[in-house]
Amino acid sequence: MKKHLVMAVVPFLALGCGDDFKDENGDGIADGIREPDSVTVVTPATPKGTVSGQVLSTDLKALSEATVEVTIGSSADPLSATTDAKGNFEFKDVPAGSQVLLTFTKTGYATLRASSTIPSSAGNVPINNANVSFGPVTLTRLDGSLRFLLVTPQGRPAANVRATLEASPAGTIILSNTDNTTRVMSTVVVEATSDDQGVLNFQGIPTAQELARYSTPGQLGTYKLWVSAVDSNSDGVPETNGYVDSYSASSVVASGTTRLITLPYSQVSNLPLNVEGSNVAMLRGASDSHPLRNMVRSGEPIYLYFNQPVQQSSLLVRLTDEYAKESLPVTVALGNGGYTATITPGNGVVQTGKEYNLDLRAVSAENGDLYSTRGFFFGGEPGSISPVTIAEARYQESLVPPNVQNLNDGERVYINFSAPVWSPFEGGFESAEVFFTTDLNGDSIQGNVRGEQGNARGFPLIRDEPAGPYVTRTDRPELPVFPITGSLYSTRYSFIYTSGGIPYSTLAPNGVSLVVAFSSLGRRGLIGNYESIWGQPITADLTVTGIAIQPAPVTPP
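As the structure is a computational prediction, the values presented were derived from the model and not from experiment.

Participant: Just to check I follow, could you spell out the pattern of salt bridges for this structure?
Facilitator: Opposite charge on two side chains permits pairing when their charged atoms draw close. Inspection of every chain in the model, using the stated rule, returns 13 salt bridges. Of the charged contacts, one joins Arg 284 and Asp 288 as a salt bridge, the two residues approaching to 3.8 Å between their closest N and O atoms. By sharing partners, the salt bridges in this structure join Arg 284, Asp 288 and Arg 293 into a single network.

Participant: Looking at this model, I keep getting lost on the packing of aromatic side chains. Mind explaining?
Facilitator: In this structure the tally under the stated criterion is 20 aromatic pairs. Between Phe 148 and Phe 202, the ring centres sit 6.0 Å apart and the planes meet at 80°, which makes this aromatic pair edge-to-face. Of this pair, Phe 148 sits in strand S8 (residues 144-151) while Phe 202 sits in strand S11 (residues 199-205), and the two are 54 residues apart along the sequence. Judged by its relative accessible area of 1%, Phe 148 falls in the buried class. Judged by its relative accessible area of 1%, Phe 202 falls in the buried class.

Participant: Is there a simple way to think about the environment of Lys 224 in this case?
Facilitator: Along the polypeptide, Lys 224 turns up in strand S12 (residues 222-227). Its relative accessible area of 31% is what places Lys 224 among the partly exposed residues. Residues Lys 224 and Tyr 247 lie 23 residues apart in sequence; the distance between their C-alpha atoms is 6.3 Å. Other than its neighbours up to four places away in sequence, Lys 224 contacts Thr 164, Leu 165, Glu 166, Val 244, Asp 245 and Ser 246.

Participant: Help me out: how do you make sense of the nonpolar core in this one?
Facilitator: Within soluble globular proteins, side chains that are nonpolar tend to cluster in buried spots. Of all hydrophobic cores here, the largest spans 64 residues; its most connected members are Phe 306, Phe 417, Phe 436 and Tyr 497. No other element matches strand S24 (residues 411-422), which puts five residues into this core. Among the nonpolar cores identified, the runner-up in size contains 51 residues, and Ala 110, Ile 118, Val 132 and Leu 150 belong to it.

Thresholds, definitions, all that
Residues numbered from 1 in each chain as written. Predicted model: local features only at pLDDT ≥ 70, side-chain atom pairs only at ≥ 80, totals over all residues. Heavy atoms only, no water. Salt bridge = Lys/Arg side-chain N within 4 Å of Asp/Glu carboxyl O. Phe/Tyr/Trp six-rings, centres within 6.5 Å; stacked < 30°, edge-to-face > 60°. Helix = DSSP H or I, 4+ residues; strand = E, 2+ residues; numbered from the N terminus. Buried < 20%, exposed > 50% of the residue type's maximum accessible area, 1.4 Å probe, protein only. Contact = heavy atoms within 4.5 Å. Core = buried A, V, L, I, M, F, W, Y, C linked by side-chain atoms within 4.5 Å.

Laid out in structure tokens, this is it:
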């Protein structure tokens, strides 16, 4: 074998070293030298390959005069050729191992691009396997159109809306070489803007008939539409969200080339108008009523974030305190195209430790849906805890004589705390109790009757959360400015001043002292504590001196 190899190579070397060396066919082997046999392979100094193929229409007819450009590697200047009468093209002397990008164009047809790599074995002798075949290449005609009529959610033409249409497949390339065979797909993308009547007209696309006929089991002919969001007043908030949909070419053939599209609302259209975010949790959902999530600092606005835009001037807000006796000043402003609202109570209205009620109504700008809710919030700072004290004791004069300004047996006494308080008990004997530091039965012995400090039993304290103002007249009792929602936290608790049968002394209210004995709960075996709106347990006894008078309701003459 060594001797055979030498005999095959030496003549080539002898001629290659002479002055008459020629290689006019560019195969890397001197002209006139017999090609080696199948045993001997000689690698040329500069191996070359070819790129070729055929360009057809989608009905498989040859496309002549189609332009084919090839970019070799990082070369800035592509080579160009045109197809012959049979649609064929060929590029020779392409360096082996190089990457090539081919672009196929013809006026009135889709443009296709594909890339491949020339095998590094290009030009090897005796087998030339350096050809990369692009083909058949099929191009679709661009003589079709598709129309869409855009309508706003309110039923008006959606004018000046930008949209993009993609038609696929707009052509295919069967790419093959010795390493693989792949199918390259192409698409056509066009843009359009709707006119004053909301009409989008896409032209220069494959017809539905051609796209449907050109479909394959793995790639159905499809049009895909993207419609941009609509911001007609340029405030950065879309009145209508974007829209995306696909249409098979076969369905367009069956039902025509015009489509009616009602654009969606900026939010899901089947949802009612609602508040999605707020610093008052009650307005986000009625079940979230904990004070720490419904606390507003003095001077801080209340923020609302709607799930869809609200009509301008449709937002109505009323504000009142825990007794709902009068409306408190409040202003409201819509922003961000109606998606947000800022509710600002009047200067100094919101005070720490007070409860407030809101009545809120709004109308959707999209579908006319009415949003209406009532809720409450508390004045305060979650991280700044205020101790609870007794702000006032007040008794309600009875309508039954003797109607004098003294605390009589059977009259109700209100204990008003400095901040709303929550009770774990429902009243009765399972609650905190109230004791007087006064001799209630007049026997000069302190602590020998119920309700006297030192006795085992006091007056049960019950939550007396207001539903409206104190009543001052019998013919037309005062009504709340709007029905308010109970929070189960209240500044007002009460008890009945009665022994249950043994008359107590009439008390002059000015100098009377009484104690709310929260500390007695544990001694009586009751589990649980009263809590402030800051979540702090109230365990210490609270004392107040003097009882104010709430006059009995009167009957006007």
